[in-house]
Structure formats: C-alpha cells, structure tokens
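Fold and geometry: a report
So you can see what is in the structure, the chains are spelled out below.
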Protein chains: 2
Amino acid sequence: MKVLRVNMHRLEATWEPVPVEYEPFGGRALIAKILLTEVPPQCEPLGPHNKLILAPGLLGGTNLSSSSRLSVGGKSPLTGGVKEANCGGDAGSGLARLGVKVVVVEGQPEDGHWYLLRISQQGAELLPADDWRGLGTYATVARAREQWGDHCTVISIGPAGEMRMTAAGVACTGYGEQVSRMAARGGLGAVMGSKGLKAVVLDASGGEAPPLAEPELFRTAARRFARELAENPRTGRQGSMHLYGTSAIVEAVNEMGAFPTRNFREGRFEEVENLSGPRLREITLARGGRVGTRCMAHCVIACCNQFVDPEGNPVVATLQYETIGMLGANLGIGTLDEVARLNRLCNDLGLDSIETGAALGIAAEAGLVRFGDTAGFEALLNEVAAGSMLGRVLGQGAVITGRVLGISRVPAAKGQAMPAYDPRALKGNGVTYATSPMGADHTAGNAFGIREKVNPLAATGQCEASLQLQLDVIMLDSTGLCLFARPPVFADPQLMVDLINGRFGWGWSVADLQEYKKTVLKMELAFNRQAGFTPADDRIPEYMKREPLPPHNTVFDVPDAELDGIFSAL
Amino acid sequence: MKVLRVNMHRLEATWEPVPVEYEPFGGRALIAKILLTEVPPQCEPLGPHNKLILAPGLLGGTNLSSSSRLSVGGKSPLTGGVKEANCGGDAGSGLARLGVKVVVVEGQPEDGHWYLLRISQQGAELLPADDWRGLGTYATVARAREQWGDHCTVISIGPAGEMRMTAAGVACTGYGEQVSRMAARGGLGAVMGSKGLKAVVLDASGGEAPPLAEPELFRTAARRFARELAENPRTGRQGSMHLYGTSAIVEAVNEMGAFPTRNFREGRFEEVENLSGPRLREITLARGGRVGTRCMAHCVIACCNQFVDPEGNPVVATLQYETIGMLGANLGIGTLDEVARLNRLCNDLGLDSIETGAALGIAAEAGLVRFGDTAGFEALLNEVAAGSMLGRVLGQGAVITGRVLGISRVPAAKGQAMPAYDPRALKGNGVTYATSPMGADHTAGNAFGIREKVNPLAATGQCEASLQLQLDVIMLDSTGLCLFARPPVFADPQLMVDLINGRFGWGWSVADLQEYKKTVLKMELAFNRQAGFTPADDRIPEYMKREPLPPHNTVFDVPDAELDGIFSAL
C-alpha cells in the first residue's frame, strides 16, 4: 500500500511508500501516529501546518463484514486537539482496494481557489473546482456522479466547511443511493475547507482486495465474525440494530432519564414515542421507504432506514439516534418528519447534526426561537446556509454560540458539543466526554451499553468503565469496523487477533492487541498534552455539577480527582 | 482597613477584618492573592464562583503623587486566567480613605435583577438598579452624580458589560469632570455584569488618609518622589508625558515600524502625523480643550488632554496612545477627531478600546467595512450597542470575531487582543504578550521604554528584558502607582522601599522588594497553571511567525524554547 500525499500549496498529488513506522497503524490509530509525527501540536488548526488525513482501517478493503468505515482526521479546530471522526460508506474499502493506506492533505493554496481530488486506478490528480463552490453535499455528489459515474464514492464538504465553520463535518457517500453520511465531529469539514479541497472523488474500479498474509486464518475468522453477527440477537435479522438502526435506543435512553430535552434541561421527553425506533420503522415501511439497507457493500447487519417524506421521497439515508436526540428532543421537536427535515439540511450544508443541534438548543434557550418551532430552526439553518452573522455564529458550534449569546448552559466538553446522553444520568458517558482526547463523543467510550452492569446514576465505578470502553473502541476505529459490529470481537478478543494476523501475519497475541489500544490512546493524549491540554480540560461544564437533571434530579458528581487519575494506569 | 464583602446571591454587603495573609498585599498583588485563595481556578468566569475584586494599591489614599489607581480583578472571561486591570481616577484613593482595603463581589443574583453598590462613610448598601439597565457609562455617571452629588466616584459598566461581552471593561470616573476612564482589559466588565452589578457609587467624604507607620520616612520619600517627577525631563512640566500624555509616543512607535496599521498588516501608517501627540495638543489648545489636567487629585505629572470637537465640546477625557493606535492606524483612520468619536462610543458602551479596535480591524479584514471608513466603524459600534448578532460577535473581542468571520490573522495572545505595538518590530513586547499571565498587555512589561538598550528587532535578549519589566511593573500595579510615575522608583528602588516602610513599618530592604514582585508573579502563574494554562498558551499567533511586517519585514522569531524558559529563574 502507499501513502497518497496531496500538497495543496504546490498542487501536487504524489505517491510515497508507507514509512515503516506507519505500517502497524490504520484508521484512527494511523491518524494519531501521523498527527504526532507530522503536525506541530500547537499549530493553527485552519492554518497551513495542519493536515487532513483520510485513512481506511487496517481491515478496510477486505470482504470482512462492516469493515469499510473511513477515518477522517486532523487537529480539530473545535477542540484544539487530536481528532478522528469516522463514517460508514464504501470509502474505506475503496481506498484500500486502490492500495491507498492513507491520504494526507497538507498545505494551503495561496490563490484561494478550490480543488477536487480525483483518485482512481489511473492515479490521483487535483482538478480545478471553483465552480463547485457553494454546492450542498447532495448537489456535489450528483454532479460528481454525473461526470464520473454512479459508482464513484464522493467525500465532500458543504458550504459550512467552505466557510470554515467549526461545526462542519466531512460527508461521504454510502453504498447504493446513500448520499450523505458524515464523519461529522470536531470541525474536520473546516479543515478540509481550509485546504481548498471541495471534494475527493474516488473510483475504486479495478481495485483489488488487499493481500492476506494468512488467507485461511483470515477467511475462517471473517466467516465466524459474519456468522456471529448474523446470529446475535441484536445485530441479526430479528435484532433491534437491524430493525431500527441506532434509533433502537431512543426509548431506553429516555427511560433512563438521559435523553437531552430542550437544551439539556430535562432527561425525558414527553413526545418520545413519536421519535422511537419502532415509529421510525413503521413510518418508513408505510411510506415505501427501504429498511434494513447497508451503508457499505459488505455488512451483514444492514441497519439503515431510508427515511422518506409522506409522498415517499427520500429525505435522509438513515436517521440516527444522535440526530433524533439533538435535533429532536433537545430542540423540543417531537416528530420524525421534522427531525429528518432538519437533518437533511444539516447533511446538505455539511454540518454535524450533534454540534448543530446543541447550538440550536442554545439559540432557543437564548430566545431566538421557541423550542418545538421547527420552522424557526429551519430558518436558523438557512442563516447558516446564507453565511449571515447569526449563521456564522451557529456554524461555529455550541461553545461559540453560547458565548456570543451570553448563555452559560452549554453542553460541551473540550469545546465539542455533547451527543444525546446527558452525563448527569449516564455518568460513564460524562467521564468519557470529559476525559476522551476526542472531547465529548458518543463513539469514544459509550457507557449506554453497560448500563446493566454499572449503575448509570452512581458516581463510583464510572472511570474504570469508561477507560475500558475508551480502549475497546480504539480497535474498532482503527480497523474500519463499525461500532455495531462489536459483539463478536468484544466477546472474544482472539477473533480480532485472528483477523489482524490473517490480514498481516503479525503473529499478535491478545496481549499485543490490548497493548496496541493503549499505545494509540497514549499517542492521542500525548498530542493533546503538547497542544496544551491539561486536567483542567477534562471537565464537565460547571452547571451540570449544580443543576439537577429531572427526572432523577442528579448532578454530575464524579470527583475531579478521579477524572484526573483515569489514565494513570496506562 | 477592612474587607468589604458583597454577596450578590444573598444581596448583602458585610465588613470583615482583613485576613492576616492578605495584609501585605494591595492592588494587583491582592487580586492575585484573593483569586488564588478564594476562587477555583477552573470556575466559569461568568458563573457564581468567580469574584469581582476592586482593590486600591498599597499606597492608595495617601497624598503620594499618582498613587490612586484602582485595580479591578477576577478570573478573566477573555483569557480564562488571572486578570488585573487598573485605571486612573480617584477610586483607589477614595476606597482607601474610607478604610476599604478591598471590595470582593461574589455570587450572582438569582432573580436577574440589577443592583448598585453605594459605599460611603455611613457604610455600604446594595440598591435596586433595574431602571439603570442599558445606560451608557456617561449617563450612568450623570445620573449617579445628580442623585448623590458631583463629588461621588462612579465605577460602572455600560451595555457591553451588561450583555456579558468579553470586550467589556469597568469604567471609573476621574478627577474633576473626567467621566470615563477604563480598567479596560480582560473582560472584567462582563464579570461585573455577571454579578448583576451596574455600578459602585463611592462617596469618600469624611474619609481620612490611612495612618503612616513612620510618618517622617514616608513624607520625606513622598516629597522626593514628587520632586523627582517634577524635575524629570519626561514627566516634568516641559516633558512629553505632561505635554502629550501617552500620545507622546505615537511617532516614535511608528518610526520603529511597530505601529499596528490596518489589522497589523504594516508597521507604519502614512497618516501618522495627524495622530501624533503634538497634533493632539495643538488641536486641543486651538479648540479650547484643557491640557495638562490630572485624573486624580494628587498627581504632579498631569498628563491628560481633554479632547474636544471643533465646537469645543468635550469628547473624551483623555485620548490615549493605545486607543489612537488601535482605533486609528489599525483601522486605517488618520484623524484624531474620528478616533476620538470611536473612543467616546467605546467608553460609553463600556468597551475596551484595544480589544474593540482589534475586533474592528478583523471585521475590516473580513470585508464588513473598509479600512478608513469611520462611519462604517461607528455603525459597527452601534451594532454592539443594539446587541445585534454582529454586535455581540464584535463585543466578544478579537478572537471570537476572527473565528466567526473566518479570519486567521488575529493579533491576540491568551485570547486577549494585542495593544498598539506589533511584536514583530518590538519583540520584547511580543515576549510579554506571549508569557505574561495577563495575556497580551502593554502594561504588563512594555519594552518600548528600553528600545535604546535592547534592539527591538533582535530575537535575542528579549526574554531577560521582558522578565525584568514584568517584575518591575508589578510593584506599580500593587501600590496604586501610575506607570508614568515609574522613573523615580525604577531609578532607585530604595525610594519605593522607603514609601512602603513609611506607610506600613515593615522594615523592608530592597531585596524584600524584589522578592515581593516574584511572589506576586508566581501567584499569578500558579493560578493560571491551575486554570489549565501551559507553555502552549505562551505563544504569539502563528501568522506573525511567517508573515513579515513592513517596513522592516521581520517576523516574530524569539524561539519557543526561550519563551518557555522565561520564568525558570523565579
């Protein structure tokens, strides 16, 4: 495999051999390694010294189920620290099948022009794209596919990223007709925008699955992995993950009292049943939307529901839990149609629906719009599209919106908005929000899944639980595997070891696997430390320590000293 | 003396004895001590745990020349660190003469109401002030003096502080008719606003000079101090400081190539002569404005020029160098009348003219207004007054304005805008901006005064020079002395020792004095460290390291490692 290095200053795309020290890494792990090696931790995130990194996971390009996620990375303009965000779709697989271990985009064009990077079996080239400027992600994809064929994978930013808004993510097409999946978090869309890169168009035709060091070992493990996913009561055909996708958990989080409602004022939303997974499926089926589709070619779970409007027109490829929470209950909105409309707008603008939902909730708290007023929220998103002053504020995300509007109830950690679990009623997530090098993130170590084992309302035991979760997801994020595909490899780490060894022949043991996770987390923490992070950054907002959250009326009370000690055993 | 503790939650003002550990401190030093003792370094600056501190200097209330400055402090909402800003006027003297060592305002009203704190010989009381809301500082002062007499000192915030804008300062009346002097920096006006405190009205009638431990020693030293100021070629009657005030240095800084012009694009301004000290004096005299007035009752320098409009109406009490730089050249504005109009607007809104000038420069760079378009800048300040979205952005200062407008050329350090010396052509100031616990600050260690001794364009020798300057000013800021009054005490530290010993009888040596400065600086650094500051915060913006500044075409090139070592000898 090779490194594709794209210099936006010289406007050159060059192929390089993979440096030996990068070889063991993929996806999130490789992003951490490259950031620590090549990017000055104190650089301006939107300046010439930051880099935009696109990395398939270690297992990307194989036919392993659910392994095609693309990791996008760089120094985050939102948190100021290390950032990896990943998304489903076929980009991870496509890059790997073209032999691309990683795309490193560096420098900035001096001329202010826009470019498009085309990658195919013929090579990589930068094309002028000034006339693509201002296109939403849907129009960008349509135009790219018109020009280069429907089989192309398109990684792009919308107007939000072009305007360097720090709530901007990177959009990526999914399998089939799916247009806009998002590597949403941390403002990486703004980093892409700062490089003058509107889109990457990937044509994986003619690409091949990467070689297997021990083909039999790999194939056996991959078959077992697929079979266990298919047989698992949650990921199998009768499982809630297949039937409802991430929306499966709406009612459970609400029942826990952790469902952010009206800017994290309450933990239960009175209209929750209209936002639930079953309701989502019922509406989708009744209107002729497709359920149980895949975001990538190889996935036995197939969790996506194509949300359609009452006339049966597609609205969003899949309506996710975090979006339902942050653009739904958090805004006091109680119908999926309305949430989907806002989601579509975010996707098209290239905005993180979590960060944007938090910013809109703050706008409502400030009185700019009423909670529940969907038309009002749509109008605010149109301000973002127009690049008005209000739109530019909202587009910077929750923290800046709060500061400008004079609102101190800002649900964020390390500058990044919290996803849809209030840390006062799911304290393990609070620990992850506070301490993860990624900032407040639901994929960095989500304690919802262990709510039966660790009392989500207790102050004790959360740090140990969060640390284990934080370590475990690193392996998913570094192999290109979906979080939904975790049951087989979490149940038996040897399965992950077999997959790695089968692919690379590294002869890993389970102990090596555990050590690898720690190595990655330590690299991320080191980058952040050099960027200026301290324990003072590992905190939950002050108001959540004194304002009780109904219905349990709990505050976030994991002691600071415990947060400070969470990584001491690494 | 006593501590006046004002609890805005319980709405109580209570008198407390001075804790023994606070006794050695005054002004800036006392603020550092109280912050470190009473305020959690990681608290939200605009939340209930921060405190607003008003402290006369150690020598406040005596009849020592130029010793009545008031230090205002708290955790800065702009930098997130320790903050002391001080201003001229009679507040420092007035408080000290009423026996008030410090006013500590803590908590927040729950009801969102506004209050006014009245302090007189009869005591202290909180009065309702909801109907004062929205008043500019000029109207606030007029109303307070109408109600309580022209002799009252009024410390107040304008609409900017009420709106919790982090470019908001605290305004204070000066001697005679001077209305609006500003403890401008660091967003302390927002802290005052967050406490629901619109104004402090101080009636020092009946107050007495504080007791002198060694009256003869003190009086002799004070007489010598006054005589040396009067005889000094710069502070005496023929001196530039008396004749022109701070505006004396306009042409010299321009000549050095360090005069920020059009958002720090250039270091010389083609219209500088129209902004110079001599021009200021000439206009003032020609129009019948008063020159050589004092901001406080006891001052032998008397540096203030009352700038008047062509009809002879007062515009601002004194037009200062930093304002001329930041609202003049930095905005491409080349007449003092226009600068004074913008200055008046800032004063009335209660905005720091430095932070605001930097924010407006960024707005011009973003194309919201043309450089030189004074009416355009006035319109932007009116947006601040109106609390429009654009106004709220500008009111947050340079960093937020840059982020929202997508401009990366933001002249700031630790979140605070640079004053009117470009660090690429006065590198000692760059070191101070980067390393001072106060953020970019011209009073924290200004190397302009040593430009003959240390080459301002050289990368070497700046850290040693800055450290010495940073230490030396601490003693001024902690005694209530004006920076202008430094020559006698900088020339002979024994004079400062005699003043301290004369007042308090502490039996200090010069070595004790030097140790005291270090103690204070170390307290400030400790607060910041606990608040989460690291060497990564001790930096000049990236663009100043690569963008050469005309006319010398130098960049800021003091190595990071030197910056990191500056305090190692403390």
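Residues numbered from 1 in each chain as written. Chains lettered and ligands numbered in written order. Predicted model: local features only at pLDDT ≥ 70, side-chain atom pairs only at ≥ 80, totals over all residues.

A few words now on the overall build of chain A. Assigned secondary structure in chain A consists of 22 helices and 16 strands. Each principal axis of the C-alpha distribution contributes one length, and for chain A these read about 55 × 50 × 50 Å. Burial status across chain A gives 62% buried among its 570 residues. Partitioning the intrachain contacts of chain A with sequence separation of at least 6 by distance along the chain shows that 70% fall at a separation of at least 24. (Helix = DSSP H or I, 4+ residues; strand = E, 2+ residues; numbered from the N terminus. Buried ≥ 20, exposed ≤ 12 C-beta atoms within 10 Å, placed from the backbone. Contact = placed C-beta atoms within 7 Å.)

This brings us to the interface of chain A and chain B. Counting residues at the interface gives 25 residues for chain A, matched by 25 residues for chain B. Of all the elements in the fold, those that place two or more residues in the side of chain A that touches chain B are helix 14 (389-394) and helix 15 (398-405) of chain A. Taken together, the residues of the side of chain A that touches chain B break down into 11 nonpolar, seven polar and seven charged. (Nonpolar A, V, L, I, M, F, W, Y, C, P; charged D, E, K, R; others polar.)

Next up on the list: the domain arrangement of chain A. Residues and elements named next belong to chain A. The assigned domain composition of chain A is domain 1 (2-202) and domain 2 (234-468 + 534-565). Each of domain 1 and domain 2 has a C-alpha centre, and the two are 25 Å apart. Across the boundary between the two partners, domain 1 contributes 43 residues, which contact 35 residues of domain 2. The set of elements that each furnish at least two residues to the side of domain 1 that touches domain 2 consists of strand 5 (82-87), helix 3 (137-148), helix 4 (159-162) and strand 11 (181-183). (Domains from an automatic or database assignment.)

We now examine unusual backbone geometry. Here the bond from Pro550 of chain A into Pro551 of chain A is cis, since omega is 5°, no more than 30 degrees from zero. Here Pro551 of chain A lies in the loop between helix 21 (543-546) and helix 22 (560-565). Of note in this structure, Leu11 of chain A is not a glycine but carries a positive phi near 60°. Even without being glycine, Ala302 of chain B reaches a positive phi, approximately 60°. Following the sequence through the fold, Ala302 of chain B ends up in the loop between helix 9 (277-287) and strand 13 (307-308). Residue classification places Ala302 of chain B among the buried positions, given that 20 C-beta atoms sit within 10 Å.

The next thing to look at is the relation of the copies chain A and chain B. Between the two copies, chain A and chain B, the superposition gives an RMSD of 0.0 Å; the rotation angle is 180° and the shift along the axis is 0.0 Å. When the rotation and shift are considered jointly, the pair of chain copies conforms to a two-fold rotation axis. Residue Met389 of chain A, judged by its C-alpha, is the member of chain A lying nearest the rotation axis, at 3.2 Å. Mapped onto chain B, 100% of the interface residues of chain A are again interface residues, and the two copies thus contact each other with one and the same surface. (Least-squares fit on C-alpha atoms with pLDDT ≥ 70 in both.)

Another aspect to go through is the packing of helix 1 (residues 27-38) of chain A against helix 20 (residues 510-531) of chain A. Residue and element names in this part refer to chain A. The contact between helix 1 and helix 20 brings their axes to 9 Å, and the two run at 40°. With respect to helix 20, the element helix 1 is oriented oblique. Pair helix 1 / helix 20 crosses with left-handed handedness. Here Arg28, Ala29, Ala32, Lys33, Leu35 and Leu36 of helix 1 lie close against helix 20, whose contacting residues are Val520, Met523, Glu524, Ala526 and Phe527. (Axes fitted to C-alpha atoms, helices over the stretch in contact; angles between N-to-C directions. Parallel < 35°, antiparallel > 145°, perpendicular 65-115°, else oblique. Left-handed = near helix turned anticlockwise from the far one by under 90°.)

Residues and elements named next belong to chain A. The strand order across the open sheet formed by six strands is 2-1-6-3-4-5, and the pairing between neighbours is mixed. Of all strands in the sheet, those with a lone pairing partner are strand 2 (12-17) and strand 5, marking the two edges. Adjacent strand axes in the sheet meet at a mean angle of 20°, parallel and antiparallel pairs treated alike. Relative to the sheet, helix 1 contacts strand 3 (51-56), strand 4 (70-75), strand 5 and strand 6 (100-106), its axis offset from that of strand 3 by approximately 150°. (Pairing = 2+ DSSP bridges.)

Attention now goes to the environment of Tyr321 of chain B. For Tyr321 of chain B, the position within the fold is in helix 10 (residues 321-326). Once residues within four sequence positions are removed from consideration, Tyr321 of chain B is found in contact with Thr246, Ser247, Ile249, Val250 and Ala420 of chain B.

Right, let's get into the sheet that holds strand 12 (residues 197-202) of chain A. Residue and element names in this part refer to chain A. In space, the six strands of this open sheet follow the order 8-7-12-9-10-11, with mixed pairing throughout. Across the chains shown, the open sheet's two edge strands, defined by having one partner strand only, are strand 8 (123-128) and strand 11. Averaged over all pairs of adjacent strands, the angle between their axes in this sheet comes to 20°, without regard to strand direction. Where strand 9 (residues 153-156) meets strand 10 (residues 170-172), two bridges bridge the pair, whose relative direction is antiparallel. Across the sheet, Ser156 pairs through a bridge with Ala171, a residue of strand 10.

Attention now goes to the packing of helix 6 (residues 215-231) of chain B against helix 19 (residues 493-504) of chain B. All names here are of chain B. Contact geometry of helix 6 with helix 19 gives a least axis separation of 8 Å together with a crossing angle of 145°. Once helix 6 is placed against helix 19, the crossing between them reads as left-handed. Contacts between helix 6 and helix 19 involve Leu217, Phe218, Ala221, Ala222, Arg224 and Phe225 from the first element and Leu495, Asp498, Leu499, Asn501, Gly502 and Arg503 from the second. Here the residues of the contact of helix 6 with helix 19 are counted per class, giving seven nonpolar, two polar and three charged.

In this section: helix 9 of chain B. All names here are of chain B. Buried within helix 9 are the following residues: Gly277, Leu280, Ile283 and Thr284. Axial view of helix 9: buried residues confined to an arc of 130°, hence all on one face. Among the exposed residues of helix 9, those pointing more than 90 degrees away from its buried face are Leu285 and Ala286. At its buried positions, helix 9 is contacted by helix 7 (240-244), helix 8 (250-256), strand 13 and helix 11 (336-349). Count one or two residues on from helix 9 and you reach Gly288, which has phi positive near 85°. (Arc of directions from axis to C-beta.)

What follows is about the nonpolar core. Counting residues in hydrophobic clusters, the biggest one holds 371 residues, and the most contacted among them are Leu54, Val170 and Ala183 of chain A together with Leu54, Val170 and Ala183 of chain B. Here Leu54 of chain B is in contact with Leu70, Val72, Leu95, Val102, Val103, Ile155 and Val200 of chain B, once residues within four sequence places are set aside. (Core = buried A, V, L, I, M, F, W, Y, C linked by C-beta atoms within 7 Å.)

Counting all residues, the mean pLDDT for chain A is 97, and 100% of those residues have values of 70 or more. Scored as a complex, the prediction yields pTM 0.97 and ipTM 0.95. (pLDDT = per-residue confidence, 0-100.)

The subject of this paragraph is the pairing of strand 6 (residues 100-106) of chain B. Residue and element names in this part refer to chain B. Counting buried residues in strand 6 gives six out of seven residues, a clear majority hidden from the surface. Of the strand pairs in this sheet, strand 1 (residues 2-7) and strand 6 are connected by six bridges, and their pairing is parallel. Note that in strand 6 the partner of Lys2 across the bridge is Val100. In the sheet, strand 3 (residues 51-56) pairs with strand 6 via four bridges, with the strands oriented antiparallel. Looking at strand 6, one finds that Ile53 is bridged to Val104.

A separate point is helix 12 (residues 353-365) of chain B. Residues and elements named next belong to chain B. With 13 residues, helix 12 should reach 18 Å at 1.5 Å per residue; the first-to-last C-alpha distance of 18 Å fits that figure. Counting buried residues in helix 12 gives 13 out of 13 residues, a clear majority hidden from the surface. Just beyond helix 12, the residue with positive phi is Gly367, at close to 90°. (Expected span 1.5 Å × (residues − 1).)

Further remarks concern the pairing of strand 7 (residues 115-120) of chain A. All names here are of chain A. Of all six residues that make up strand 7, five are buried, and the element is covered over most of its length. With six bridges joining them, strand 7 and strand 8 adopt antiparallel strand pairing. Within strand 8, the residue paired with Tyr115 across the bridge is Pro128. What sits between strand 7 and strand 8 in their antiparallel hairpin is a turn of two residues. Bridge count for strand 7 against strand 12 is five bridges, and the pairing is parallel. Counted as the bridge partner of Leu117 is Val200 from strand 12.

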